[in-house]
Amino acid sequence: MKNKELWQLANRTCAELWITGGIIITVFSIELPFISCLFLNETAGLCVSVFTLIAQVVAFILSIVKVENKLKLYDEENSK
């Protein structure tokens, strides 16, 4: 039963992070390149798009680390 609880906790935590992060990153992915192309130039818009892509990858990796840390804490609290 412990593995099932950990699996559900990981899924719930990951879903919360990805939904919240996805909404935020979607807004930035659409607005920042558009605004930079509109007010600066296309090269700036491309640079902002690449930066946004890198931020998305970093956010994905950090979400995995956060979920694993939460699972460790949960496991330590329930093993006592």
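As the structure is a computational prediction, the values presented were derived from the model and not from experiment. (Residues numbered from 1 in each chain as written. Predicted model: local features only at pLDDT ≥ 70, side-chain atom pairs only at ≥ 80, totals over all residues. Heavy atoms only, no water.)

### A closer look at the packing of aromatic side chains
Then step 1. In total, this model carries one aromatic pair according to the counting rule given.
Then step 2. With centroids separated by 5.4 Å and ring planes inclined at 35°, the aromatic side chains of Trp18 and Phe60 adopt a geometry described as tilted. Highlighted residues: Trp18 in helix α1 (residues 2–39) and Phe60 in helix α2 (residues 42–79), separated in sequence by 42 residues.
Then step 3. Taking the relative accessible area as the measure of exposure, Phe60 reaches 43% and is therefore partly exposed. (Phe/Tyr/Trp six-rings, centres within 6.5 Å; stacked < 30°, edge-to-face > 60°. Helix = DSSP H or I, 4+ residues; strand = E, 2+ residues; numbered from the N terminus. Buried < 20%, exposed > 50% of the residue type's maximum accessible area, 1.4 Å probe, protein only.)

### Topic: α2
Then step 1. The end-to-end C-alpha distance of α2, which contains 38 residues, comes to 56 Å, matching closely the 56 Å that a straight helix rising 1.5 Å per residue would cover.
Then step 2. All buried positions along α2 are accounted for by Ala44, Gly45, Thr52, Ser63 and Val67.
Then step 3. Packed against the buried residues of α2 are α1. (Expected span 1.5 Å × (residues − 1). Contact = heavy atoms within 4.5 Å.)

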